Amino acid sequence: MLESGNSSENFPSKPKNFIREIIDEDMKTNKWGGRVHTRFPPEPNGYLHIGHAKSICLNFGIANDYNGKFNLRFDDTNPSKEEQEYVDSIIEDIRWLGADFEDRILFASDYFEQMYEWAVKLIKKGKAYVDDLSADQIRGLRGTLTEAGKESPFRNRTVEENLDLFERMRKGEFENGEKVLRAKIDMASPNINLRDPVMYRIVHSEHHRQGTKWCIYPTYDWAHGLEDSIEGITHSICTLEFENHRPLYDWFLDELGIYHPQQIEFARLNLSYTVMSKRKLLRLVQEKYVDGWDDPRMPTVSAFRRRGYTPEAIINFTDIVGVAKRDAMTDIALLEYAIRDDLNKHAQRVMAVLDPLKIVITNYPAGAVEELEAINNPEDPSMGSRKIPFSNEIYIEKSDFMENPPKGFHRLVPGGEVRLRYAYIIKCEEVIKNDKGETIELRCTFDADTKSGTGTSNKKVKGTIHWVSAKHALNAEVRLYDRLFTVEEPDADKEKDFIELLNPDSLKIIPKAMIEPSLKSSRPGDRFQFERLGYFCVDYKNSSDEKLVFNRTVTLKDSWVKSNKK
RNA sequence: UGCCCUGUGGUGUAAUUGGCAACACGUCUGACUCUGGAUCAGAAGACUUCAGGUUCGAGCCCUGACGGGGCAGCCA
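Here the residue numbers are simple positions, counted from 1 along each chain's written sequence. Here every chain gets a letter starting at A, and every ligand a number starting at 1, in the order they are written. Under the rules for a predicted model, residues below a pLDDT of 70 receive no local features and side-chain atom pairs below 80 are neither given nor counted, while totals for whole chains, interfaces and linings still include all residues. Values reported for side chains reflect all heavy atoms of the structure, with hydrogen atoms and water molecules removed beforehand.

A. Molecular detail of a nonpolar patch on the surface. Exposure above 30% relative accessible area and the lack of any salt bridge qualify a residue for a patch; like charges then connect within 9 Å, and the nonpolar side chains Val, Leu, Ile, Met, Phe, Trp and Tyr within 5 Å. All accessibility values rest on the Shrake-Rupley procedure with a 1.4 Å probe; residue burial counts only the protein chains present in the view. Salt bridge criterion: a side-chain nitrogen from Lys or Arg within 4 Å of a carboxyl oxygen from Asp or Glu. A contiguous nonpolar patch, built from I320, L334 and Y337 and spanning about 260 Å² of accessible area, is present on the exposed surface. Position of Y337 among the secondary structure elements: in helix 12 (residues 332-346). For the exposure calls, accessible area comes from a 1.4 Å probe over protein chains only, and a residue counts as buried if that area is under 20% of its type's maximum, exposed if over 50%, partly exposed in between. What makes Y337 partly exposed here is its relative accessible area of 47%. For the purposes of this entry, the term helix denotes a DSSP run of H or I that reaches at least four residues, the term strand denotes a run of E that reaches at least two, and both are numbered from the N terminus.

Right, dumping it as structure tokens:
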């Protein structure tokens, strides 16, 4: 299934898919002279999300495997929506993913002059004209899905008049919307995109890179193929909604007689329990349902990064998901598998108690402290071990003790025994409660012969639980994230506002979790497994030496919780 | 009502181009375990949307239905 070969470490060669088959065929026929050149063309009007990551991995993965090149190109053809902040975040995210565009950070706006010349060429060929109709009038004449459109009264202007008008459009002699340049194709085409599409519109506003140099801006359909052509792209990979635009992509390039890449469309990624449209994500940010584009509950690349996902996991996920042409809804479980799989191998284990219950070990000398050895990662012996302090007062997880346990519960119960991870077996002798009848403390005894690693006792217990020493534990804030929405497809119901489907429990903050002292030296971005709880990452925005903040990346699988739900 | 694309276990993808439907996730057993994790062994789960046709043989080819998606921005 996997081919071996020449690829960088982060991007192992990928499974075959229909696009790679097309490329294999092109290599065989020498269609592009053995060249492969792909690109990722974001519009800088939002942050990248996991769907973009799929596209980046696809495009870069292909270039990487075929010894080709990969361009980052900002499709900045609409000055009213685009901002430098987005350019910066996009570059950062792609770099983080490890997709290497070398020195090729390109901008469509750098090609405006060339595009203009090509537009003049089309006008001279009688294939483009300046139209005075308003947007509404153009819409009115476009026809419908079932009826042909009608030709504009300005459609048959002379070449000279069109040239003159187009030049004056560029010079700024007209207001926004006063005139457009349209391709002269076929108002009766069953493909609406071919009914004399607009090539240039007048927009008097400041462009993030061009300033006020231009007041006419190319539309996507006109510009995109030209950008690909200029850069020598071989395979212009885009999502399904552009399929109907391909005839237009081809038409422009053919009429111009310039280098002609091949457009190939694939189905965009949909993930369950989230939304992926930039518009909706923008709304979540602007209306403050989340704390910015990198709020760890968002499906953006920056949010996954902040939450503790690794680029490897995301890359692997995009491989698992594959590439095809039918729309699909990918189960978030696939993504969670990818990150668990990665972190299981690489994350250091530590102990932390989120919901503490105090235990006093009555037969352990008060004031004594033992340094116990704990393995950093059972999956990777090279990660070594560390010392953790043990004393007569510890905290365990409240949920690891039950007075009236259900069948099959093998943790602490009154009179029962349990192993403290890397320490001793203890026995619960007494349950101390407050006025309300809530358990507030346990008195236990420990068995000195059962120290971990000594093998001096044959005693076996059903369960092992995590703990921290009360007087050594550090405090930290822990943020527990859950899916952002309560339903699989928040945007399935067109009648219902997706905001109503937000999960009210998508974030739970634990202000004072107790964590083992070795975490003192952890740095923003460090990833850990809190044993038996999940994977956590030091938040790089809000964490500090004074106050550590951990984000939960993903829980561990828990077959006990699962079997108990039944 | 037009045009384009697309229908394979719960989910996502495969099927060497016509040869008894495979992989991953998920689910469920069992083993092991000082993480109810991981690992290991195994199981269940698909008459490949439907109906015709061609063929010795069809998920792949043909015809017709039906379902899903996209398209009427001077957005991309």
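So much for the structure itself; the text now carries on.
B. Structural detail: helix 12. In this analysis, the expected span of each helix is defined as 1.5 Å times one less than the number of residues it contains. Counted at 1.5 Å a residue, the expected span for helix 12 with its 15 residues is 21 Å, and the 22 Å between its end C-alpha atoms agrees. Burial in helix 12 covers these residues: I332, L335, A338, I339, R340, D342 and L343. By definition, residues are in contact when any of their heavy atoms lie within 4.5 Å. Next to the buried residues of helix 12 lie helix 10 (301-307), helix 11 (311-321), strand 10 (348-350), strand 23 (527-530), strand 24 (534-538) and strand 25 (548-555).

C. Examining the environment of N244 more closely. Within the secondary structure layout, N244 lies in the loop between strand 8 (235-239) and helix 8 (246-256). Sequence-wise, N244 and K54 are 190 residues apart; in three dimensions their C-alpha atoms are separated by 22 Å. Aside from chain neighbours lying at most four places away, what touches N244 is N191 and N193.

D. Focus on the layout of surface pockets. Grid points spaced at 1 Å over the protein atoms alone were grouped into cavities, where a 1.4 Å probe fits but cannot get out, and pockets, open sets with protein on both sides within 12 Å along at least five of seven lines, with lining residues defined by an atom within 4 Å of a point. Grid points are joined across faces, edges and corners, and a volume is the space filled by probe spheres set on the points. Empty space within the largest pocket amounts to approximately 1,600 Å³. Lining the largest pocket we find 49 residues, and of these L533, T555, L556, D558 and V561 sit closest to its centre. With 5 residues, helix 13 (residues 559-565) is the largest single contributor of residues to the lining of the largest pocket. Only Asp, Glu, Lys and Arg are considered charged in this grouping, and only Ala, Val, Leu, Ile, Met, Phe, Trp, Tyr, Cys and Pro are considered nonpolar; every other residue, Gly among them, is considered polar. Taken together, the residues of the lining of the largest pocket break down into 20 nonpolar, 10 polar and 19 charged. Here the second largest pocket defines a volume of roughly 1,300 Å³. Every residue lining the second largest pocket is counted, 48 residues in all, and those nearest its centre are Y220, T239, E241, F242 and R268. Class assignment for the residues of the lining of the second largest pocket results in 18 nonpolar, 14 polar and 16 charged.

E. View of the confidence of the model for chain A. Residues with a pLDDT of 70 or more make up 97% of chain A, whose mean pLDDT is 95. Every residue gets a pLDDT, meaning the predictor's confidence in that residue, from 0 to 100. In this model, residues 1-7 is a region of pLDDT below 50 whose contacts with residues beyond four sequence positions or in other chains number 17 contacts. Per the prediction output, this complex has pTM 0.95; the corresponding ipTM is 0.96.

F. A look at the packing of helix 2 (residues 50-65) against helix 11. The geometry of helix 2 relative to helix 11 is characterised by a closest axis approach of 9 Å and an angle of 80 degrees between their N-to-C directions. With respect to their mutual orientation, helix 2 and helix 11 come out roughly perpendicular. For the pair helix 2 and helix 11, contact is made by I50, A53, K54 and C57 and by I314, I315, F317, T318 and V321, respectively. Its residues assigned to classes, the contact of helix 2 with helix 11 shows 7 nonpolar, 1 polar and 1 charged. Note on geometry: axes are lines fitted to C-alpha atoms, helical ones only across the stretch in contact, with angles between N-to-C directions running from 0 to 180 degrees. Note on angle classes: values under 35 degrees are labelled roughly parallel, values over 145 roughly antiparallel, values of 65 to 115 roughly perpendicular, and the remainder oblique.

G. Here's a closer look at the protein's contact with RNA strand B. Within the structure, RNA strand B sits among 68 residues, and V321, R349, S452, Q529 and K562 are positioned closest to it. Put simply, a residue is near a molecule or strand once any heavy atom of it comes within 4 Å of that molecule or strand. The sugar-phosphate portion of RNA strand B accounts for 62% of its atoms within 4 Å of the protein, the bases making up the rest. Polar contacts here mean pairs of N or O atoms no more than 3.5 Å apart (in protein, one a potential hydrogen donor and the other a potential acceptor; neighbouring residues in sequence count only if both atoms are side-chain atoms). Here H245 contributes a side-chain N or O atom positioned 3.4 Å from a base nitrogen of RNA strand B. Backbone polar atom of V323 to a phosphate oxygen of RNA strand B: 3.3 Å apart, as the coordinates give it. Counting residues per element, the ones that place at least two in the surface near RNA strand B are helix 5 (135-141), strand 6 (198-202), helix 12 and helix 13.

H. Molecular detail of the nonpolar core. Counting 37 residues, the largest nonpolar core has I50, I56, F70, L72, I94 and I314 as its most contacted members. Sorting the residues of this core by element identifies helix 2, strand 2 (69-74), helix 3 (84-97), helix 10, helix 11 and helix 12 as the ones contributing at least two each. For this core, the leading source of residues is helix 3, giving 6 residues. In this view, I314 contacts I50, A53, W96, L97, F304 and Y309; residues no more than four positions away in its chain are not counted. Counting 36 residues, the second largest nonpolar core, distinct from the first, contains A128, F174, M199 and I216. Nonpolar core, defined: a set of buried Ala, Val, Leu, Ile, Met, Phe, Trp, Tyr and Cys residues in which side-chain atoms within 4.5 Å join the residues together.

I. Spotlight on the side chain of H224. Within the element layout of this structure, H224 appears in helix 7 (residues 220-231). There is a polar contact of 2.7 Å between the side chain of H224 and the side chain of R39. Those residues in contact with H224 that sit more than four places away from it in its chain are R39, P41, R73, D75, S236 and Y249.

J. Quick peek at the environment of W560. When you line up the elements, W560 lands in helix 13. Through-space distance from the C-alpha of W560 to that of G408 is 8.8 Å; in sequence the pair is 152 residues apart.

K. A look at the side chain of K179. Mapped onto the elements, K179 comes out in the loop between helix 6 (159-171) and strand 5 (180-183). Looking at K179, its side chain comes within polar contact range of the side chain of D132, at 3.4 Å. In this view, K179 contacts V130, D131, D132, L165, M169, F174 and I202; residues no more than four positions away in its chain are not counted.

L. Broad picture of the pattern of salt bridges. A complete count under the given rule lists 50 salt bridges for this structure. Note that D131 is salt-bridged to R182, the shortest N-O span being 2.8 Å. Here the residue D131 occupies a position in strand 4 (residues 128-131), and R182 occupies one in strand 5, the gap between them amounting to 51 residues. We classify R182 as buried; its relative accessible area is 2%.

M. The arrangement of the pairing of strand 5 in detail. Side chains V180 and R182 project from strand 5 onto one buried face, and the interleaved L181 and A183 project onto a second face that is buried too. The pairing criterion for strands is at least two bridges between them, as found by DSSP. Where strand 4 and strand 5 come together, 4 bridges link them in antiparallel fashion. Residue pairing in the sheet places D131 in a bridge with V180 of strand 5.

N. Inspection of the packing of aromatic side chains at higher detail. Pairing of aromatic rings covers Phe, Tyr and Trp, the last counted by its six-membered ring, and requires centre-to-centre distances within 6.5 Å; plane angles under 30 degrees mean stacked, over 60 mean edge-to-face, and any other angle means tilted. Scanning all chains against the criterion turns up 26 aromatic pairs. Residues F112 and W214 carry aromatic rings whose centres are separated by 5.8 Å and whose planes lie at 80 degrees to one another, so their mutual orientation is edge-to-face. In this pair, F112 sits in helix 4 (residues 112-124) while W214 sits in the loop between strand 6 and strand 7 (216-218), placing the two residues 102 residues apart along the sequence. For the pair F112 and W214, one class covers both residues: buried. Relative to F390, the ring of Y364 lies with its centre 5.2 Å away and its plane at 90 degrees, an arrangement referred to as edge-to-face. Here F390 lies in strand 14 (residues 385-390) and Y364 lies in the loop between strand 12 (356-361) and strand 13 (370-375), a separation of 26 residues in the sequence. An identical accessibility class is assigned to Y364 and F390; each is buried. The rings of F112, Y116, F166, Y200, W214, Y217, W222, W251 and F252 are connected pair by pair, giving a single aromatic cluster. Two conditions define a charge sitting above a ring: the NZ of Lys or the CZ of Arg must be within 6 Å of the ring centre, and it must be within 35 degrees of the ring normal. Between K179 and the ring centre of F174, over which it is positioned, the NZ or CZ distance is 4.4 Å. Geometry around W96 places R305 over its ring, the cationic atom sitting 5.3 Å from the centre.

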